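Fold and contact review
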Amino acid sequence: MKITEFLRHNYRHFNAAALIDAADGYKHHIESGKKMLVSLAGAMSTAELGISFAEMIRQDKVQIISCTGANLEEDLMNLVAHSHYERVPNYRDLTPQQEWDLLEKGLNRVTDTCIPEEEAFRRLQQHIFEIWKDAEDKGERYFPHEFMYKLIRSGVLEQYYEIDPKNSWMLAAAEKNLPIIVPGWEDSTMGNIFASYCVKGELKPSTMKSGIEYMTFLADWYRQNAGTDGVGFFQIGGGIAGDFPICVVPMLYQDLEYSDVPFWSYFCQISDSTTSYGSYSGAVPNEKITWGKLDIDTPKFIVESDATIVAPLIFAIVLGQ
């Protein structure tokens, strides 16, 4: 039985039914010729979302990505250091001393998975610094994702590949030259490392394009790609990866006063954040109508579940698997 057949037979109610509805809405959106933004929050790259997401990119099921700096870099870290990762199934039972022991071993824990500092962080650092420095010496400036694309295209990482390259969504995105928005990149490990070079006087902050420049880039991209019907918004998790790009629509027509800007034309969020007072990540989609992000008739879906479980299943339906 194909994955889609299994899901349609068994997933009939509650969050399971919402998953099917969201996937069907995604398929209809793409098949009608409209474009889709996918946002990645949390540690979806360390969860190896690339196994399914890379194929979505290759098959043109996503046209622009918004992600945290962590997701941008952690897909490449998994690509070059996979065999050095350590899984900790009993992570809920770890004592503070055991957590400290992981630190001393150079293992940074993300739930049940430990990222190896030397083989992952430092391996990327030694090569990305040369690319940062080369750009600065030439008086050039780029976005964080553009620097990562340069790193990939240089071929210098190929000697370290430890997974099948087809399972890296960053490689797939680089091949398509897909636009990526990375709000709050400074919060990531590579962002911290870049800042450390700036403190030491070895790099200038201006070499890295800023979040404001990402917003202006997105504004131009939306105007060029939304047409009259708008772009879809598929949000995995919450946080800045989703909050940042969704604001471009109200900015365009409220702050810039463009009268011909369509709302986001599809919205789905996979979230385990509970609806509560003041929680944007846990807000129901209709709240976004009041902020000028979604229209009354925009197809809206929310799947209240674990994105590491739900996203690959939705992608399987969209891909016809």
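Just above sits the structure.
Each value, and the rule that gives it
- Residues numbered from 1 in each chain as written.
- Predicted model: local features only at pLDDT ≥ 70, side-chain atom pairs only at ≥ 80, totals over all residues.
- Heavy atoms only, no water.
- Helix = DSSP H or I, 4+ residues; strand = E, 2+ residues; numbered from the N terminus.
- Buried < 20%, exposed > 50% of the residue type's maximum accessible area, 1.4 Å probe, protein only.
- Contact = heavy atoms within 4.5 Å.
- Areas by Shrake-Rupley, 256 points an atom, 1.4 Å probe, with all protein chains shown as cover.
- Lys, Arg positive; Asp, Glu negative; His and termini not counted.
- Charge placed at Lys NZ, Arg CZ, Asp CG, Glu CD.
- Salt bridge = Lys/Arg side-chain N within 4 Å of Asp/Glu carboxyl O.

Let's talk about the overall build of the chain
Summing up its helical and strand segments, the chain has 13 helices and 9 strands in all. Looking at the chain as a whole, 51% of its 321 residues qualify as buried. Considering only contacts in the chain between residues 6 or more positions apart, those separated by 24 or more positions represent 78%. Carbon and sulfur atoms form 50% of the exposed surface of the chain, whose accessible area is close to 15,000 Å². Looking at the chain, you have 28 positive and 45 negative side-chain charges, and the mean spots of the two groups are 4 Å apart.

Comments concerning the environment of I152
Within the secondary structure layout, I152 lies in helix α7 (residues 144-154). Taking the relative accessible area as the measure of exposure, I152 reaches 10% and is therefore buried. Separated by 121 residues in the primary sequence, I152 and E31 place their C-alpha atoms 31 Å from one another. Filtering out sequence-adjacent residues up to four positions away, I152 remains in contact with L76, M170, L171 and A174.

Points about the side chain of E74
Here E74 lies in helix α4 (residues 69-81). Despite its burial, E74 pairs with no opposite charge; the closest candidate is R109, at 13 Å N-O. Leaving out residues up to four positions away in the same chain, E74 has contacts with A43, S45, T46, Y85 and I115.

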